[in-house]
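Architecture and fold: a report
What follows is the residue order along each chain.
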Amino acid sequence: MRNRFILFKLFLILTPCLSSEISFAQKRDNTLQADTSARQDTATKYLQLLYNKTARHLTAASTDAVYTKDLVKSQVTNVYNAVTGRLSGVLTNQSSGMPSADGLSGVSLSLRGRNPLVLVDGIPRSLLSISLEDIESVTVLKDALATAMLGVRGANGALVITTRKGAPGKQVISFTAQTAIQKPLDMPQPLGAYDYARLRNEAVDNELKVNPNFNGTALRYSDADILAYQNETDPIGHPNVNWKDQVLRKSSKFNRYNLNATGGSKYAQYFIALEHLSQQGLLKTNDANPYNTNNDIKSYMARANVDINIKPNLTAGIYVMGRLINGNTPGVSTSTVAADNTASSIFSNIWATPNNAYPVFNSDGSLGGVSQFTNNIWAQATASGYRLSYTRDLLSDFYLKRTLNEITPGLFIKARASYSANVLEDINRSKPFVVYQQQTATNGDITYKSYNTLADQANLNSIRNQGRGDYLELSLGYNRVFNSTHGFDILLLANRDNTASGPDLPYTITGGSGKFSYNFKEKYVAEFAFGLNGSNRYPDHGNTKYGFFPAGGLAWNIDKEDFLSGSSAISSLKLFTSYGITGWDNPGYFSYIKRWNSGSNAYFGTSAGAFGSLAEQINNPDITWEKAKKFNLGLQGSVLNHALGFSIEYYNNKYYDLLMQRGKTIAFFGNSYPNQNIGKNRYSGFAFQLSLNKNVGKNFNYFVSADASIQNSKVLFMDEVNQPYSWMTRTGQMVGQAFGYIATGLFQSQSEIDNGGKNNAAAATFIGYTPQPGDIRYKDLNEDGIINQLDVAPIGSTKPTLIGGVNLGFRFKSFDFSALLQGVANRFVDLRGNAYFEFQNNGSGQAYENHLNRWTPQTAATATYPRLSIGNNVNNQQPFSTYWYKNGDYVRLKNLEIGYTLPAVALKVIKLNSLRLFVNGLNLATFTGLDGVDPEVNRGAYPIQKLYNFGVNVKL
Amino acid sequence: MKINNIKLTLFILLSVLAGTFSSCKRTEIEPRDLNTEDIIWDETDQLGRKAEAYFNNIYTYLPNGFNRVGGDFLDAASGDAIPSRNNTSIENYTNGRLSDITNPDAYWGQSYSGIRHVNIFLANIDKVPVADAIKVPWKAEVRFIRAFLYFELLKRYGGVPLIGDKVFTLNDNMELSRNTVEETVNYITSECDAIKNDLKTDPIIDNLVGRITKGAALALKCRTYLYAASPLLNGGAVTNYTGAQALKTAGITSYPVQDDTRWQKVIQAAEEFFAYSTYFVIPTSNNPAYYTIFTNKKNAEVILAKQVANNFDLEINNSPVSYINNNTAAQGRTSPTQSFVDAFPTNTGLAISETGSGYNAANPYANRDPRLAATVFYNGLTWFKRGVETFEGGLDKKNDPIAQPVQTKTGYYLRKFMGDFSNSTSFSNQSHNFILFRLAEVILNYAEALNEVNRVEDAVTQLIKIRRRAGITAGVANRYGIKAGITQSELRDLIRNERRIELAFEEHRFWDVRRWKIGSSAISGPVYGTKITKNANGTYSYEKVQVGNMVFEEKQYLLPIPYDEIVKDGNLKQNPGWSEFN
């Protein structure tokens, strides 16, 4: 807090000096204030495609885009979260809020049902936590035509991120400081020790009723125990620790500082930026430690994008970005990739440990623990040492562009080269800790029993991941309009993308591509594009195999027709369509080669020596890329002088040759089957967009834009087995359709169980199970009186996914306001697992407040949870059923921002070009039918957070 | 000037273009670090190093034992013990929940995976120029493993598809059908005969202990004939279900017709074994102690064991729950039943119910067969310098719901296979090789077959060997508690009981009750333990209490073939009583 204040003060002091220094090079005038927004307006008219920009009406491709001013509204660490709800057809899901080195922990992205390729400035990249302020635009390329030049990597669509570049004109220096308070979203509320003990006794009694093999004596609390929990008289022997409150903070901090400058002359233009970001973790720390144990992330990024006009016809550019990310976590480790998983191990323990398991500290101050729970969670968080991770990334792009107007006007040739490198280093300074079980003998003597072994603090470092990539590209372009009638935009391109990770051989995609676009008076547009490329991971012998992927499209700008040109009502209207064949490269690591991998050791000899072994891994010698035939049809336009815009699109994409294991894998074969190009899936849907942008007088402007997509899918072929019953058939269902049992509520009485009708089908249950009142009742689809794998049917939604976003806002004088709502429908979540069920792990697991609503004979009418049991009850909890697969539809108030820009008069006094104060919030409200569960995050995972953010942006 | 400029630019651009394509020519475009076919079957490696690694991998397919079924012993479903934890997968065998998708020990895919690996080895090993002295035993050993895997299938399912030396490719028709029991038995035994003289002989040298020897092949043959002659496969099958009779008639679930001369083959095989080697001998007293059979890697009573690195997992998994080793608490997972403890005679060899046995119900563990103390932790047995406390409220049965929700259900814990830690304070790594074949089993097979062909006294002679080694006193007429003039039927019961206690927890009982078709009496109905109360004067009172109930259905004599296989293979017949569609 203090540091940030000093920095800001320092900045204010420096401001006049800086501004006076640069003022000689520029004339300050009133238009400067609107400089950046004006540039963005141009950008919205011009659309960034894969390798070039085009006017929106001169392409038949299906795209959507989002620009800097919206992206920076979200205080997040990666692009995926910033585009949520802002790009039509794109669905993101964030299943964890853990600060992580790559910013991508638990985040997934899908476009029209598939995972798209991500490119930064035209080059495929996996790195996505680039500074949001560095991004000029994010364009989503949806149809075959837009991605045709990607060839073998185009089938899933693409997300094209374009970084900001300089432009000739005034220098603008912008500084933004933001600080946010993060609060975790919904987390389950654990039961207090008294309720826990009481309910577990009830569960033990329930078990004994049906299971004669159940060992109740070991699990039952005595009346004295229950009383001790109720009165909380014995904090050591009968503790009540809310681990969530014990280990987690109520809130944590998130700060971001960004300084960037853009400008240039006719000789050179630049955009340079510095950013520092620090995100605090949710864990509490212990001041006694001389080091930090919270799971924090700090990053430092720098970028310089410089374009130089060497000669009037020769341009060069150098774009460099460097990034350092320093992560910190507690030392406790459950995985080889320790640094990212330590926090999650603490989280899973929080949800798995009952309040009465052990005291945090014994009466002598030592750490508490019992044989069932030797990982004292407080100690895991604060007394297990720490681990550091250092991520270093370097990206550098260079280009040289020569216009060849002397040959023919509009012709140019361009070469590009890029190099990237990354390294992730782990430092392990973890240490084990010992816990003690305090026991008081009948004579009052206190004894201690210890668990875990004390050892030295580790002092190790290791490289977790190292990668490098290079990219070369040569292109020849021709861009000219003849007689204001025939417009040509032609691009031919050859490129090679080479990436390597660790010691593995590089993955290289080489090839050429091209695009021909012709328009007649900007009225009729015909486009053809192709990719001819392939990767080095296919038979035979690792030589690149090339595939040809053509696509074509037509667009008709109806508004340019004579019969409409006079109309003032219609500002623009475009009908566009495209069709093409695209590919998806998914070859694995030379998986066509049959190989022998290390198996488990064999042991021989009286000294039991270990002997290495090798096991066969079967190859698919015929592996090839996946393919898709994609069709797109759309209508897009605006009326009322562009104030009201709309678009509607339909797509139908048939994916084939999808790599999957055949459905009829059989054990006689003796090994696992390789993936083969056999799958066929269809993805289809509609997308709608509507936007309104209006100025009311000079001082008031408002906008509303809404988009909605209907995304459907269907499995056409998966080599499915001959299912005994029609409801078991997967083929023809949606891709990823969930199958499970159909629950029809809880048995309310013994007579319901006894009178199940024919074959007792209405009261059917699992083989060998005796149902009790309070158990879940399932639908016996084949009416054989038994619930088994033959009664499994599609559950959850079988309807197309519906996704949408609403973005609205206004500007009134110096104030601006905007809000973003995002929602998903026909979505289901699986509410099962340790953090949902009671008394898992043979009874030693936790229970939660929703278990108070369990079924008992007294609460039969209102119960929302089956009768309690110990462990995974065969009838109630083990099966995947509609009882636990719940509707996960939600609408989130993803973003809300209020800004205030200082009036020009005031700016003159403090010698600034612009000063804007803003407050925004992320995930402020979520509307969902789920109770006590966030719709995106599984219970027990690191929660995602709500942010309250305050910031200031200064331009000079 | 202008031209030069163009030339320069073009030069740079073309250099980039050249770079784009020329740099593809790396020396290594396909990874050569992979162990590919030509490296595994190296035609120039006289020592066949990679082929040997593949050979080693086949050894990992030998069956394992101990706490392998969801953390429990298979024997925890045989009536000899129950799992201490609640709701474990092993309980599926005894609570009526077994089905074609809930069988915790399906073993189907595992066997065929091993068989594939053997067949690949046999098809390729001749490419490698390894000396015959090495190669011939290699081939024989992997064929033994293949035969053994078929035996594992036979005892679970009856007749199974035999695939010979075939290595399937992706495009083969995989809809195989089951061979008969007879064909399966004949295949296993003929393989044993074919390879027995190519295998190394016993005793094997120290640094190859664990490799398959001729003794193992003969023991496998003997065991296979024993199963073939026993009631289940010898014309017994499972009959009380729709279509069951047809499967029996077809010879898939058993020989179509019972034929008691099949016992002769067991006798011949056992005699061939005894004639083969003078190395395998059974001691004439309980010295070295019985437990050392399981902790000495090489001894004259073990024919073949699955070798593993020394460890104390077994001790941690099964020792009474209050023992803490290096701060790790023991788990006490296996609770032997009262009926199992009662199966041990007294040291006179007489059953505890017989008069003159010397059994005292007030001090039930005194003067018992020494194998009891080597097999079961009972109250008072010394371990870590203190007596095990399984009385109510004792250290190992605290009834403490917070600290120790898992404890014995029966008042007993499993002791067998562990080293002697009675006077230690912590566990040390022990040899825990799971014994696949040992001498006592061959002797008991022999005794059983002799008795079945009514050579009762010959069988008694064999049984005496086992009892003498166990440390039972010689008694009247040196008959070790076996009464004079014992009938065939009485001796049958005695042999079965001897097998139960001698081979306990070695994964025999689970299959023996099936092959004898005594499941409905042996693992059905109430299960008992003992509730021990410590009296004020330091003595204990014992009360037999029911701790569970077992369900056994006739269909369980043959296990269900996994559902996934049945739906994918239209020619594969399911065993009777399991899922009905084919």
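Okay, so let's go over this structure. A quick note: this is a predicted structure, and the numbers were derived from the prediction, not measured.

Points about the interface of chain B and chain A
- Listed as interface residues are 97 residues of chain B and, on the opposing side, 104 residues of chain A.
- Summing both sides of the interface, chain B and chain A together bury roughly 8,200 Å²; the carbon and sulfur share of this comes to 59%.
- Among the residues chain B hides against chain A, the three largest losses belong to B:Leu170, B:Asn327 and B:Ile402. Together they make up 9% of the total.
- The tally of links from chain B across to chain A stands at one salt bridge.
- Along the contact surface separating chain B from chain A lie 19 residue pairs in polar contact (both at pLDDT 80 or more).
- Only helix H1 (2–22), strand S1 (35–36), helix H2 (37–40), helix H3 (49–59), helix H4 (108–124), strand S13 (540–550) and helix H20 (563–568) of chain B provide two or more residues apiece to the side of chain B that touches chain A.
- Broken down by element, the residue count for the side of chain B that touches chain A peaks at 12 residues, all from H1(B).
- Per-class residue counts for the side of chain B that touches chain A are 42 nonpolar, 33 polar and 22 charged.

Considerations on a nonpolar patch on the surface
- Together, A:Leu476, A:Leu492, A:Phe516, A:Phe528, A:Leu532, A:Tyr546 and A:Phe548 line one region of the surface with nonpolar side chains, adding up to about 610 Å² of accessible area.
- A residue is classified by how much of its surface remains accessible, and A:Tyr546, at 45% relative accessible area, is partly exposed.

Focus: the packing of aromatic side chains
- All chains considered together, the criterion is met by 85 aromatic pairs over all chains.
- Seen in terms of ring centroids, B:Phe121 and B:Trp138 are 6.1 Å apart; in terms of plane orientation they differ by 65 degrees. Their pairing is edge-to-face. In this pair, B:Phe121 is assigned in helix H4 and B:Trp138 in helix H5 (residues 132–157), connecting sequence segments 17 residues apart. A single burial state applies to B:Phe121 and to B:Trp138, both of which are buried.
- An angle of 65 degrees between the planes, with centres 5.1 Å apart, marks the rings of B:Tyr279 and B:Phe280 as edge-to-face.
- Note on B:Tyr279: relative accessible area 22%, which makes it partly exposed.
- For B:Phe280, a relative accessible area of 8% corresponds to the buried category.
- Grouping aromatic residues by their ring pairs yields a cluster made of A:Trp596, A:Phe604, A:Phe611, B:Trp41, B:Tyr54, B:Phe55, B:Tyr59, B:Phe121 and B:Trp138.
- A cation over an aromatic ring shows up here: A:Lys401 above the ring of A:Phe412, its NZ or CZ 4.4 Å from the ring centre.

Some remarks on helix H7 (residues 214–229) of chain B
- The terminal C-alpha atoms of H7(B) lie 23 Å apart, and with 16 residues this matches the ideal 22 Å at 1.5 Å per residue to within 8%.
- Here H7(B) lies mainly inside the structure; 16 of its 16 residues are buried.

Focus: the packing of H3(B) against H4(B)
Residue and element names in this part refer to chain B.
- In contact at an axis separation of 10 Å, H3 and H4 are set at 155 degrees when each is read in the N-to-C sense. If you check the angle between H3 and H4, you find them roughly antiparallel. Note that H3 runs across H4; the crossing there is left-handed. Seen from H3, the contacting residues are Ala51, Tyr54, Phe55, Asn57 and Ile58; seen from H4, they are His117, Val118, Ile120 and Phe121.

Concerning unusual backbone geometry
- In this structure, the amide linkage connecting B:Asp202 to the following residue, B:Pro203, adopts the cis form with an omega of -5 degrees.
- Among the structural elements, B:Pro203 can be located in the loop between helix H6 (181–195) and H7.
- Despite not being glycine, A:Ser484 has its phi angle at roughly 50 degrees, a positive value.
- Along the chain, A:Ser484 falls in the loop between strand S19 (460–482) and strand S20 (486–501).
- Among the residues examined, A:Ser484 registers a relative accessible area of 65% and is labelled exposed.
- Despite not being glycine, B:Ala477 has its phi angle at roughly 55 degrees, a positive value.
- In this structure, B:Ala477 sits in the loop between helix H16 (456–470) and helix H17 (488–502).
- According to the relative accessible area criterion, B:Ala477 is exposed, its value standing at 64%.

Regarding the environment of B:Asp42
Residue and element names in this part refer to chain B.
- The topology assignment puts aspartate 42 in the loop between H2 and H3.
- Here aspartate 42 falls in the partly exposed class, since its relative accessible area comes to 26%.
- In the structure, aspartate 42 is positioned 12 residues away from tyrosine 54 in sequence and 12 Å away in space, judged by C-alpha atoms.
- Those residues in contact with aspartate 42 that sit more than four places away from it in its chain are Lys127, Val128 and Pro129.
- Side chain to side chain, aspartate 42 and threonine 44 meet in a polar contact 2.8 Å long.

As for the packing of helix H15 (residues 439–452) of chain B against H16(B)
Residue and element names in this part refer to chain B.
- Between H15 and H16, the least distance of the axes is 8 Å, while the angle of their chain directions is 160 degrees. The pairing of H15 with H16 is recorded here as roughly antiparallel in orientation. Taken as a pair, H15 and H16 cross one another with a handedness that is left-handed. Listed contacts from H16 to Ala440, Ile443, Leu444, Tyr446, Ala447, Leu450 and Asn451 of H15 are Val456, Asp458, Ala459, Gln462, Leu463, Lys465 and Ile466.
- In terms of residue class, the contact of H15 with H16 is built from 10 nonpolar, two polar and two charged.

So, the sheet that holds strand S25 (residues 595–604) of chain A
- Strands sit in the order S26(A)-S25(A)-S1(B) across an open sheet of three strands; the sheet is antiparallel. Edge positions in the sheet fall to strand S26 (609–617) of chain A together with S1 of chain B, since each has one partner strand and no second.
- Pairing analysis gives two bridges linking S25(A) to S1(B), with the strands arranged antiparallel. Bridged to A:Trp596 within S1(B) is B:Asn35.

Digging into the pattern of salt bridges
- Applying the stated criterion to the full structure yields 74 salt bridges over all chains.
- Close ionic contact of A:Arg854 with A:Glu202 constitutes a salt bridge, the shortest N to O distance being 2.6 Å. With A:Arg854 in the loop between strand S37 (828–830) and strand S38 (885–887) and A:Glu202 in helix H6 (residues 193–210), the pair connects residues that are 652 residues apart, well separated along the chain. This pair shows no difference in class: A:Arg854 is buried, exactly as A:Glu202 is.
- As a salt-bridge pair, A:Glu897 and A:Arg916 come within 2.7 Å of each other at their nearest N and O atoms. Remark: A:Arg916 occurs in strand S40 (residues 914–928) and A:Glu897 occurs in strand S39 (residues 890–901); sequence separation between them is 19 residues.
- A residue is classified by how much of its surface remains accessible, and A:Glu897, at 4% relative accessible area, is buried.
- Among the residues examined, A:Arg916 registers a relative accessible area of 18% and is labelled buried.
- What you see here is one network of salt bridges that share partners, running through B:Asp369, B:Arg371, B:Lys416, B:Arg438, B:Arg467, B:Glu498, B:Glu502 and B:Glu506.

What about H3(B)?
- Along H3(B), eight of the 11 residues are buried, which leaves the element largely enclosed by surrounding structure.
- Turning to H3(B), its buried residues are B:Ala51, B:Ala53, B:Tyr54, B:Phe55, B:Asn56, B:Asn57, B:Ile58 and B:Tyr59.

A short note on the environment of A:Ser591
Residues and elements named next belong to chain A.
- For serine 591, the location among the structural elements is in the loop between strand S24 (570–584) and S25.
- Among the residues examined, serine 591 registers a relative accessible area of 24% and is labelled partly exposed.
- Put simply, serine 591 and asparagine 619 are 28 residues apart on the chain and 5.7 Å apart in space, counted from C-alpha to C-alpha.
- When sequence neighbours within four positions are dropped, the list of residues in contact with serine 591 reads Asn619, Asn620 and Ile623.
- For serine 591, the side chain forms a polar contact with the main-chain oxygen of proline 587, separated by 2.8 Å.

Side note on the nonpolar core
Residues and elements named next belong to chain B.
- Counting 174 residues, the largest nonpolar core has Trp41, Trp108 and Phe144 as the members making the most contacts within it.
- Here this core takes 13 residues from H5, the largest share from any one element.
- Among residues more than four places away in sequence, those in contact with phenylalanine 144 are Ile195, Ile212, Ala216, Ala217, Leu220, Leu304 and Phe437.

Brief notes about the sheet that holds strand S8 (residues 135–141) of chain A
All names here are of chain A.
- If you trace the five strands from one edge of the open sheet to the other, you get S3-S8-S9-S6-S7, paired in mixed fashion. With partners counted over all chains shown, the strands left at the sheet margins are strand S3 (63–67) and strand S7 (123–124), one partner each.
- Pairing between strand S6 (residues 117–120) and S7: two bridges, direction antiparallel. Within S7, the residue paired with valine 120 across the bridge is isoleucine 123.

About the criteria used
- Residues numbered from 1 in each chain as written.
- Chains lettered and ligands numbered in written order.
- Predicted model: local features only at pLDDT ≥ 70, side-chain atom pairs only at ≥ 80, totals over all residues.
- Heavy atoms only, no water.
- Contact = heavy atoms within 4.5 Å.
- Buried area = accessible area lost by both parts, 1.4 Å probe.
- Salt bridge = Lys/Arg side-chain N within 4 Å of Asp/Glu carboxyl O.
- Polar contact = N/O pair within 3.5 Å; in protein donor to acceptor, adjacent residues only side chain to side chain.
- Helix = DSSP H or I, 4+ residues; strand = E, 2+ residues; numbered from the N terminus.
- Nonpolar A, V, L, I, M, F, W, Y, C, P; charged D, E, K, R; others polar.
- Patch = residues over 30% accessible without salt bridge, like charges linked within 9 Å, V, L, I, M, F, W, Y side chains within 5 Å.
- Areas by Shrake-Rupley, 256 points an atom, 1.4 Å probe, with all protein chains shown as cover.
- Buried < 20%, exposed > 50% of the residue type's maximum accessible area, 1.4 Å probe, protein only.
- Phe/Tyr/Trp six-rings, centres within 6.5 Å; stacked < 30°, edge-to-face > 60°.
- Lys NZ or Arg CZ within 6 Å of the ring centre and 35° of its normal.
- Expected span 1.5 Å × (residues − 1).
- Axes fitted to C-alpha atoms, helices over the stretch in contact; angles between N-to-C directions.
- Parallel < 35°, antiparallel > 145°, perpendicular 65-115°, else oblique.
- Left-handed = near helix turned anticlockwise from the far one by under 90°.
- Pairing = 2+ DSSP bridges.
- Core = buried A, V, L, I, M, F, W, Y, C linked by side-chain atoms within 4.5 Å.

As far as function goes, none of this settles anything; it's purely spatial.
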